Amino acid sequence: MKSTEKSRVILVVSFGTSFDRARKNAIGGIERKIAEEFPECEIRRAFTSRIIINKLREHDGIEVDSVEQAMERLLSDGIREVIVQPTHIINGIENDKMIEILKDYEDKFKSMKIGSPLLTSDKDFEKVVDIFSGKVKKFADLHTAAVFMGHGTEHSVNTVYTELEEKFKSCGIENVFVGTVEAEPELDEVILKVKAGGYKKVVLMPFMIVSGDHASNDMAGLGQDSWKNNFINEGFEVECIMKGLGEYSEIQSIFAEHVKSAE
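Procedures and definitions
Residues numbered from 1 in each chain as written. Predicted model: local features only at pLDDT ≥ 70, side-chain atom pairs only at ≥ 80, totals over all residues. Heavy atoms only, no water. Pairing = 2+ DSSP bridges. Helix = DSSP H or I, 4+ residues; strand = E, 2+ residues; numbered from the N terminus. Axes fitted to C-alpha atoms, helices over the stretch in contact; angles between N-to-C directions. Contact = heavy atoms within 4.5 Å. Expected span 1.5 Å × (residues − 1). Buried < 20%, exposed > 50% of the residue type's maximum accessible area, 1.4 Å probe, protein only. Phe/Tyr/Trp six-rings, centres within 6.5 Å; stacked < 30°, edge-to-face > 60°. 1 Å grid on protein atoms, 1.4 Å probe; cavity = no way out; pocket = protein on both sides within 12 Å on 5 of 7 lines; lining within 4 Å. Points joined across faces, edges and corners; volume = space filled by probe spheres on them. Nonpolar A, V, L, I, M, F, W, Y, C, P; charged D, E, K, R; others polar.

Q: Can you walk me through the sheet that holds strand β2 (residues 42–47) in this structure?
A: In any sheet, the strands associate via hydrogen bonds between backbone groups, in a parallel or an antiparallel arrangement. As summarised here, the arrangement of the four strands in space is β2-β1-β3-β4, forming an open sheet in which the pairing is parallel. If you trace the sheet from one side to the other, it starts and ends with β2 and β4 (111–114), each paired once. Across this sheet, the average inter-strand angle for adjacent strands is 20°, counted without regard to direction. Looking at chain direction, strand β3 (residues 81–86) and β4 are connected through four bridges and run parallel. Pairing of V82 across the sheet is with M112, part of β4. Against the sheet, helix α3 (residues 67–76) engages β1 (8–14), β2, β3 and β4, with an angle of about 150° to β2.

Q: Explanation requested: helix α1 (residues 20–37) in the structure shown.
A: Since the α-helix turns once every 3.6 residues, residues separated by three or four places project in the same direction. With 18 residues, α1 should reach 26 Å at 1.5 Å per residue; the first-to-last C-alpha distance of 24 Å fits that figure. Taken as a whole, α1 has its buried residues at A22, R23, A26, I27, G28, G29, I30, E31, K33 and I34. Looking at the packing, one finds that the buried side of α1 touches β1, β2, α2 (50–60), β3 and α10 (249–260).

Q: Even after reading the chapter, I still don't get the packing of aromatic side chains, so can you show me in this structure?
A: Working definition: an aromatic ring pair is given by the centre-to-centre distance plus the angle between the planes. In total, this model carries six aromatic pairs according to the counting rule given. Pairing F132 with Y248 gives two aromatic rings, centres 5.1 Å apart and planes at 75°, and the pair type is edge-to-face. With F132 in helix α5 (residues 122–140) and Y248 in the loop between β8 (237–240) and α10, this pair connects stretches of sequence that are 116 residues apart. Aromatic pair F177 and Y199: ring centres 5.9 Å apart, planes at 80°, arrangement edge-to-face. Taken together, the positions of F177 in strand β6 (residues 176–180) and Y199 in the loop between α7 (187–196) and β7 (201–206) put the pair 22 residues apart, joining distant regions of the chain. Look at F177 and you get buried, because its relative accessible area is 4%. Residue classification places Y199 among the buried residues on the basis of a relative accessible area of 15%.

Q: How should I be thinking about the layout of surface pockets in this particular structure?
A: To find leftover empty space, one rolls a probe the size of a water molecule over the atoms. Estimates place the volume of the largest pocket at around 920 Å³. Around the largest pocket, the lining comprises 31 residues; the ones closest to its centre are F15, G16, E94, H151 and H214. Of all the secondary structure elements, the ones that give two or more residues to the lining of the largest pocket are α2, α4 (93–103) and α8 (213–219). The residue inventory of the lining of the largest pocket, partitioned by class, reads 12 nonpolar, 14 polar and five charged.

Structure follows, in structure tokens:
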């Protein structure tokens, strides 16, 4: 598709991943859903992780723009209307960095709008809880806990993970627990709560857009420090669902809705 064919572009910004399947099914899935909802727009991609951008270029010969490169390319292609839609889960560090970059381009486009990350409004939380309620509630009768592994951040919005678990509990879904790899709640805390609940089995799921490095290694890896082996060592039967949030059609639809409400 030539850039001149459509005067309006939706730039989908993701952290990125070097895992081909995750890039195709999760990030690509979100992009395809947005393209389906906005056939009049051209869809473009940018990643915020320089490490992943460089790795894809050096090892796979795949070129992905950074946010700056994508914006400069839009200008050079004569695009004057753009909607930037992040696939970030929270309004955290990566989203803040993206917004700072975009500030330099505010006056260079006729129209530039920015969509919201996945969990921004109360309505977003309600939708996500509703999406997974049916999937995890069935585990309760099997004495099974559903444990989501989030990334975690030093940013103040890290409270999102605790809030998400509380939202499930307020809906009467007691067997859902949410922890993070790099912040709080930590794995040890999650294990204590699961043990206190009297569960016999744990289903681990990444609460991340892609099922990539963290899911493969930190969650389901063979190392003794993985979440899987930590739960096994505590006597639990463990099942891992290797599916990123971006692979769920319902989550893809939320991002498409955020494009519509972009400001």
